[in-house]
Amino acid sequence: MNPAFSVIFLTTLLGAGQGVFLALFVIEARAAAGLLTAPSVMFYWMGSAIALALLAAGLLASFLHLGHPERAWRAAAMWRTSWLSREVIVLPAFMVAVAGYGWAHWQGLPGTLWLGAAGAAICLGLFLCTAMIYACIKFLQEWATPLTLVNFVVLGCASGVTLATALAAVLDEAITGITGAWAIALTCTGLLTRAASLWRNARLKPRSSLQTAIGVKHPRIVQKAQGFMGGSFNTREFFHDRTPGALRAVKWVFLACAFVIPVLLLAAGLATAVPVLLALACAVQFGGLIAERWFFFAQANHPQNLYYQAVS
Amino acid sequence: MNAPLQAVPDRTETKNTTCYMCACRCGIRVHLKNGEVRYIEGNPEHPLNRGVICAKGASGIMKQYSPARLTQPLRRKPGAERGAGEFEPISWDEAFRLMEERLRSIRATDPKKFALFTGRDQMQALTGMFARQFGTPNYAAHGGFCSVNMAAGMIYTIGGSFWEFGGPDLDRAKLFVMIGTAEDHHSNPLKIAISKFKRRGGRFVSINPVRTGYSAIADEWVPIRPGTDGALLLALTHEIINTGLYDRDFLARYTNSGYLINLDPASDQCGMPIRSGAAQAGDNPDHRHDQLWWDRHSRRAVPNHTAGADPALLGDYRLEDGTPVKPAFQLLLERVREYTPEWAAAITGIPAARIRRLAHEMGITARDQKIELPIAWTDSWGKEHDTVTGNPVAFHAMRGLAAHSNGFQTVRALAILMSVLGTIDRPGGFRHKAPFPRAIPPAAKPPKGPQAVQPDTPLAGLALGWPAGPDDLFVDADGGPVRIDKAFSWEYPLAVHGMMHNVITNAWRGDPYPIDTLLIFMANMAWNSTMNTVEVRRMLNDRDGEGEYRIPFLIVCDAFQSEMTAFADLVLPDTTYLERHDVMSMLDRPISEFDGPVDSVRIPVVPPKGECKPFQEVLIELASRLKFPAFVTADGARKYRDYPDFIVNYETEPGSGIGFLAGWRGRGGEKAMVGEPNPRQWEMYEKNNCVFHYRLPRSYQYMRNWNQGYHEWAQRTRVRRYTDPIVIQIYSEVLQKFRMAAEGRGDSQRRPPAHLQERIATYCDPLPFYYAPLEVQTTDTARYPLAAITQRPMAMYHSWDSQNAWLRQIHTHNYLFINGKMAATQGIADGDWIWVESMHGRVRCMCRTSEAVEPGTVWTWNAVGKAQGAWHLAPDANEARLGFLLNHVIAEELSTADGRPISNSDPVTGQAGWYDVRVRITKAAADEPAATSPQFAALPAAPGTSGVRRLWQAFVAGKGDFR
Amino acid sequence: MTQLALVIDLNVCVGCHACVTSCKEWNTSGAAGFMSDDNPYDRDPTGTFFNRVQTFEVGEFPNTQTVHFPKSCLHCEDPPCVPVCPTGASYKRPEDGIVLVDYDKCIGCKYCSWACPYGVREIDEHQKVMKKCTLCVDRIYDTKLPTAERKPACVMACPTNARLYGDIHDPESVVSKAIRENAGYALMPEWGTQPANHYLPRRKTEMRIHEDELERADNPLKIDGRLPKPGIKDPSLDDVTSW
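Enquirer: Can you lay out the overall build of chain C for me, pointing to particular residues and giving the numbers?
Expert: Within chain C one finds six helices and eleven strands. In terms of overall dimensions, chain C is more spread out than a globule: its C-alpha atoms have a radius of gyration of 28 Å, far above the 18 Å expected for 243 residues. For the C-alpha atoms alone, the extent of chain C along its principal axes is close to 105 × 45 × 40 Å. Taking all 243 residues of chain C together, the buried fraction comes to 57%. For chain C, the share of sequence-separated contacts (at least 6 apart) that also reach a separation of at least 24 residues comes to 56%.

Enquirer: Any details on the overall build of chain B? Residues and values, ideally.
Expert: Tallying secondary structure elements over chain B gives 25 helices and 37 strands in all. Computed over the C-alpha atoms, the radius of gyration of chain B is 28 Å, within 12% of the 30 Å expected from 2.2 N^0.38 for a compact globule of 963 residues. Across its three principal directions, the C-alpha atoms of chain B cover 105 × 75 × 60 Å. When each of the 963 residues of chain B is scored for burial, the buried share is 64%. Considering only contacts within chain B whose residues lie at least 6 apart along the sequence, 70% involve residues at least 24 apart.

Enquirer: Just give me the short version of the packing of helix α9 (residues 244-272) of chain A against helix α10 (residues 275-299) of chain A, but keep the residues and values in it.
Expert: Residues and elements named next belong to chain A. Where α9 contacts α10, the two axes come as close as 8 Å, and the packing angle between them is 160°. Put simply, α9 runs roughly antiparallel to α10. Crossing handedness for the pair α9 and α10: left-handed. Looking at side-chain class alone, the contact of α9 with α10 contains 21 nonpolar, five polar and two charged residues.

Enquirer: Describe the domain arrangement of chain B, with residues and values.
Expert: Residues and elements named next belong to chain B. Split into domains, chain B comes out as domain 1 (159-435 + 726-732) and domain 2 (775-923). Using C-alpha coordinates to define each centre, domain 1 is positioned 33 Å away from domain 2. Contact with domain 1, which involves 21 residues of that partner, is made by 27 residues of domain 2. Residues of the side of domain 1 that touches domain 2, tallied by class, amount to nine nonpolar, eight polar and four charged.

Enquirer: Would you mind going over the interface of chain C and chain B in detail, with residue names and values included?
Expert: Facing the 60 residues of chain C at the interface are 70 residues of chain B. When contributions to the side of chain C that touches chain B are tallied by element, the ones reaching two or more residues are α1 (18-28), β2 (37-38), β3 (46-47), β5 (65-71), α4 (153-157) and α6 (220-223) of chain C. Here the side of chain C that touches chain B gets eight residues from one element, more than from any other, and that element is α1(C). Among the residues making up the side of chain C that touches chain B, the classes are represented as 24 nonpolar, 21 polar and 15 charged.

Enquirer: I'd like to hear about the interface of chain B and chain A, residue by residue, with values.
Expert: One frequent convention defines the size of an interface as the accessible area lost when the parts assemble. Counting from both sides, the interface comprises nine residues of chain B and, opposite them, six residues of chain A. Sorting the residues of the side of chain B that touches chain A by element identifies α23 (807-810) and β32 (842-850) of chain B as the ones contributing at least two each. Tallied by class, residues from the side of chain B that touches chain A come to two nonpolar, six polar and one charged.

Enquirer: Describe in detail the sheet that holds strand β10 (residues 203-207) of chain B, supporting the description with residues and values.
Expert: Residues and elements named next belong to chain B. An order of β11-β10-β9-β21 is seen for the four strands of this open sheet, with the pairing classed as parallel. Taken across any chain shown, the strands that pair with only one partner, and hence form the sheet edges, are β11 (220-222) and β21 (393-397). Within the sheet, the average angular offset between the axes of one strand and its neighbour, ignoring direction, is 20°.

Enquirer: Break down helix α4 (residues 148-158) of chain B for me, with residues and values.
Expert: Residue and element names in this part refer to chain B. Where burial is concerned, most of α4 is hidden: eleven out of the eleven residues are buried. Here α4 has its buried residues at V148, N149, M150, A151, A152, G153, M154, I155, Y156, T157 and I158. Residues of α4 that are buried in the fold lie against β21, α12 (399-402), α13 (407-420) and α20 (733-742). Two residues or fewer past α4, G159 is found with a positive phi of approximately 85°.

Enquirer: Help me get a handle on α20(B), residues and values and all.
Expert: Residue and element names in this part refer to chain B. The element α20 is largely enclosed, with a buried count of ten among its ten residues. Of the positions making up α20, those classed as buried are E733, V734, L735, Q736, K737, F738, R739, M740, A741 and A742. Of the residues one or two after α20, G744 is the one with positive phi, at around 75°.

Enquirer: Residues and numbers for the environment of E361(B), please.
Expert: Relative to the elements of secondary structure, E361(B) occurs in helix α11 (residues 352-368). Apart from residues lying up to four places away in sequence, E361(B) is in contact with L175(B), M207(C) and I209(C).

Enquirer: I'd like a rundown of unusual backbone geometry, residues and numbers included.
Expert: The omega angle of the peptide bond from I440(B) to P441(B) is -5°, so this bond is cis rather than trans. One can find P441(B) in the loop between β22 (430-432) and α14 (503-509). Following S933(B), the chain continues to P934(B) via a peptide bond in cis, the omega torsion being 0°. In the Ramachandran plot, R718(B) falls in the positive-phi region, its phi being about 65° despite a non-glycine side chain. Within the chain, C136(C) stands out as a residue other than glycine whose phi angle is a positive 50°.

Enquirer: Explain the sheet that holds strand β16 (residues 324-327) of chain B to me, and be specific about the residues and the numbers.
Expert: All names here are of chain B. Strand order in this open sheet of three strands is β12-β16-β15, and the pairing throughout is antiparallel. Two strands close off the open sheet at either side, each with one partner strand: β12 (260-262) and β15 (317-318). Direction of pairing for β15 relative to β16: antiparallel, over a ladder of two bridges. Among the inter-strand pairings, Y317 is bridged to a residue of β16, identified as V325. Across the face of the sheet, helix α9 (residues 328-336) comes into contact with β12 and β16 while running at roughly 80° to β16.

Enquirer: Now, about the confidence of the model for chain C: what can you tell me, with residues and values included?
Expert: Overall, the predicted model of chain C reaches an average pLDDT of 95, with 98% of residues at or above 70. Prediction confidence for the complex, expressed as pTM and ipTM, is 0.96 and 0.95 respectively.

Enquirer: Describe the pairing of strand β31 (residues 833-837) of chain B, with residues and values.
Expert: Residue and element names in this part refer to chain B. As defined by bridge partners, β31 adjoins β32 across five bridges and the pair is classed as antiparallel. Note that in β32 the partner of W833 across the bridge is M846. Counting the residues in the hairpin turn of β31 and β32 gives four residues.

Enquirer: How would you sum up the packing of helix α7 (residues 229-242) of chain B against α13(B)? Please name residues and give values.
Expert: Residues and elements named next belong to chain B. Contact geometry for α7 and α13: axes closest at 8 Å, N-to-C directions at 25°. By the angle between their axes, α7 is roughly parallel relative to α13. Crossing handedness for the pair α7 and α13: left-handed. Facing α7, whose interface residues are D229, G230, L233, L234, L236, T237, I240 and I241, α13 presents Q409, T410, A413, L414, I416, L417 and V420. For the contact of α7 with α13, the residue count by class is ten nonpolar, four polar and one charged.

Enquirer: Can you lay out the pairing of strand β29 (residues 786-791) of chain B for me, pointing to particular residues and giving the numbers?
Expert: Residues and elements named next belong to chain B. In terms of residue burial, β29 counts as a mostly covered element, since six of its six residues are buried. Side chains L786, A788 and T790 project from β29 onto one buried face, and the interleaved A787, I789 and Q791 project onto a second face that is buried too. Of the strand pairs in this sheet, β29 and strand β36 (residues 918-923) are connected by two bridges, and their pairing is antiparallel. Opposite L786, over in β36, you have V919 as the bridge partner. Relative to strand β33 (residues 857-861), β29 runs parallel, the two sharing five bridges. Paired with A788 across the two strands is V858, which belongs to β33.

Enquirer: How would you sum up the environment of P189(B)? Please name residues and give values.
Expert: Residues and elements named next belong to chain B. Mapped onto the fold, P189 is located in helix α5 (residues 187-199). Judged by the 23 C-beta atoms lying within 10 Å of it, P189 is buried. In sequence terms P189 and D283 are 94 residues apart; their C-alpha atoms lie 36 Å from each other. Setting aside its immediate chain neighbours within four residues, P189 contacts L48 and N49.

Parameters and conventions
- Residues numbered from 1 in each chain as written.
- Chains lettered and ligands numbered in written order.
- Predicted model: local features only at pLDDT ≥ 70, side-chain atom pairs only at ≥ 80, totals over all residues.
- Helix = DSSP H or I, 4+ residues; strand = E, 2+ residues; numbered from the N terminus.
- Rg over C-alpha atoms; globule rule 2.2 N^0.38 Å.
- Buried ≥ 20, exposed ≤ 12 C-beta atoms within 10 Å, placed from the backbone.
- Contact = placed C-beta atoms within 7 Å.
- Axes fitted to C-alpha atoms, helices over the stretch in contact; angles between N-to-C directions.
- Parallel < 35°, antiparallel > 145°, perpendicular 65-115°, else oblique.
- Left-handed = near helix turned anticlockwise from the far one by under 90°.
- Nonpolar A, V, L, I, M, F, W, Y, C, P; charged D, E, K, R; others polar.
- Domains from an automatic or database assignment.
- Pairing = 2+ DSSP bridges.
- pLDDT = per-residue confidence, 0-100.

Right under this line is the structure:
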């Protein structure tokens, strides 16, 4: 696939926003359980505002992806069959929940925990919808795996919690340690789950081949002409035209930037109590996840590509 | 209150006309919406294409609305170089005045200084008539570099040829052998027929260096080295004769196989058939049918077709006077004796066993799967037959055989193989299309000498004709050529389609003489229609010592801004096919079917763009102004208002009843083929799908070389003058006459110049033989080992104009296809930039490796490459940047030992040998630019072409955006 | 239930691209139009087409097959592109099985094209909606057309009649018979999309010659004395042996 930045930003921004919100909710829950000192109200509503901003930015990015954004409302129609449609319903619902959650905290209303629980449930639903948009396409074998959902959840949470840690360092130093620990744990987990999907995808055997694509049983089939020479939607949308070397480079960059460096920065930031390091961890990780998502799309080898191999 | 808006309903209409996106001439239905072309579909009621249409036909809209269209007459700007493409618009009045003045003075002094050469036009009857009336012999169409070998080789053998003249009867064939077709000619009808043939279980063998297009769906692909088809055909004939798989009855009765050939070396007539001088079959003074047979029953020589006699086909005999004779078939047998499959295997690259098997498949299918139709007919010698029989082996061949300098003899070999199998004008084999078969050779003759060209007088003779011997050559007293292209000279005696490919070079050199004005219609002689393109472009722009252009005045008529129009002094904007009247005339090359004559018309479906004027109207206007006898009345008044009027009212002779169109003749349209002019003829064509189809009675549909009933019908309808049989020339008397002249013998007093004697004696062989193409003979094949050929892709086949916005997406640039293993030996990989180099030049291009090309051949799609800026393409368009022409490495002349220029052509017919070139390929250096070479300076857009460059477009008919 | 479809006979397709441009020509001014072209006369021209003809080489020289392969929307019976569409713009008609896009509902998210393994959907870069083969739905039900012409433009155009059209659920239809009798197959069966369009494979007609078919009693060489009967007086074993 040719990665589209609108979708890359959509998924990464949503993930981070969801992660921030989940961090807030878990902190509140643990505080309610007396497991940690409750942070300030400002932490909640600022956190919620940031989550909401990320979600809104993601939503905006998604509009850029559309040929007809003015008809986007129609996308809610097919929720029975389409994960995309479900996402279109769940995302605003989640945004409302986040807004309500932050507002409730701001206003000092009771029941925020219950509100947060509802929000968290919607949040998990949103993770499911977003991930399933990709995981449900069975012939995109790189995506059609539970690891896609796992990675969307873990990477979204990792980036969100790293952000929450940076936020805590500014607003509520007391909880920095615990959120930082979570961030490190989630990022490490993300490294494992993402590495697992890399390992899996490297060993994928494409089920489609030129033989099944054109129905000719012969070991040696070579396309000579795809039927047009100046490119088409099929060559622009599904080919990234980057070399395998470039792809490998992006892979190492995202493994470093999304996982290794943020963990080191988080650890250093927690150890030295320098908030800039945590902010830097947050920024590097987000950049790394952009690269990760780019790679996620680029690595997906669409079976339609079998039909578009050569011009002459 | 405003009145409610009245929606204007869309105005839709459907009009019938004839396609011209290629030369097939399919019937089309053009749907119009508000005057714009909405949809062009095949006309289901048209006999040629029966409703189908090809990729080009369906893209006619993009031709009609091409931004490259010329819309006004243009004159080269004073001071601008030819080729720079700098023009100023002028009026038609001015253009006509310019031409009239110039042509009048040429005509009044030396008419041959005016030359008219046309590309793939379908109006040769009119253009040829114009030239003849002007008085110039320097006229031809593009046949000389197209497929004249195919026409001449077959017509001089069986009286007909492929495509418009005849073709394979795939309705009834069981085995179909296609040899040497480059995706070309008779596109839709052949596709329809092959598909039906395959579905009926017929076996399809394709012999071709490359497997694309038609070959792709062959049951068997036989890869062959280019230019070696003659060797294969002769080996097949060898095997068929030696296993006794030939159709003896057919050969004996319908060919000259049994004719006794004089072998007395002392005789002046040695090598000619013995003639009795007695009464003859038929009524044709040009063709006496008094040759002798050796009757194997009475064991003596008898006049051919003596009742009860059966000719010996083999053996050697002595006449009563002691003259040693052999039947022609015996000579053929002796000729092919050395042409064994093993011999051919070494030349063609096809294993001997495979050649044998192919021969057996042909012979056994022909012998054992005979077709018998309950159709009674009478042959030319009065014998009544209860049935028409046929041997279901059909062939089709075209440029792959023709475009070699050994092509004439190769095509002769093919026609003889087809005859040996007994498949001529019989069901399941080859079938003629009216007005074929013609006499061998046809009656039309070129003028006999320079005296035929006189000021202010029509040419005495036809510019193009069919020589029957040295007396019909168009040469001066010294044996030198009279035509600018040297056709019908001793260099190319049977150049029956002329030699357009040498006109510019000869005129530039002033050899045999300089000319003044060259009028080119629809031919891209500065690009893909010429060999040696770089040099020819230089010649077009070259000046003599006094600063005058060597070709002083160049007029080009075309509908589009091409590479060629850039060189013109005067550009005439032609219309597209949707804007004009045209006729596919019986006087020219009609679209006849096996079952009878068919002609058709084009009728304008949209008005001409800008000031575009059909070329025919230009010719008729000029002819009237110059007062050509056929175009003015006795008192000098203009005879024809315009082209449609000319078509209706012109008769070949006053009162002859023969005109351009054969349908709906007679005052009320009640007559066919012959009849008085019908003022409502166009209307009647229009009402009948623009096509006239005359179906012959079944008994006249077969065996037409020798079918008495058919001949009588043909005589009544003036298709033929005589009713004599057209006997297949296994042994060619015509060629023998030329050879005898070279040997200083024979009836003709004409003798070739000394330096051409050996050439004539060698190549004018009355029996087919194989020789390596002339260019190959002079090439160091160790240095240049690869044959380089081209094909036109089906989506662009015959698309000689307009870079079509839809079709160019399919073929935007071209690659050189090379065999994968061969590429590996050169260290070349798929997609590499390479140099293709011949003795004559080199081209840089990209390559594609392929398993569908034999290792000794490289090939490319022809004419996809364009010069920068031509056809209204951006200078950096893929066609110019990545596309290329192979023409740059092909020469129009051969190097000769004596330094005399000679065309790179077949020594018999002058067919351009543009498939003969040998090349080598090398990898381009890494630091070379990623663009093809050579490149040419970008042409500016000509005045009158579109001033708008659309970044994108979306054609929707009826909105008026594209008018 | 009806399922209209094309059956493409690779045994007769010569790769002429007639289906490609006739489709474009019909549809650009039709209900599925327009079909835009970018850089129409510039570098890298590119445009919207519903149908493409591709070329493949199978095997190695000299045992090479050149396969011309036309491809357009296969109108799957279980089309993966339909359920993923968030707006319902992409739909399969229950009455005839044609998969269509409702341009008024399409938001141009391209998701359906991702969900098609065959690469037959193309977004129009200027109308910004997803386009694809409609089986010329604006022709096949047009009662103003003669019955014989109520077929997709590509089918009408195809010079080798390599494109058959009909209802594959009707066992008596031309297409069902062709699939049944000529081993018709579907593309990428591994995804269970059940394409309605089918392809017919290459079929090879061969000729077998027995050696004893080569020479027959009426071999003409006998007539012309090349295989002469020996003379009665010519030497024979009778002259020299006595058993």
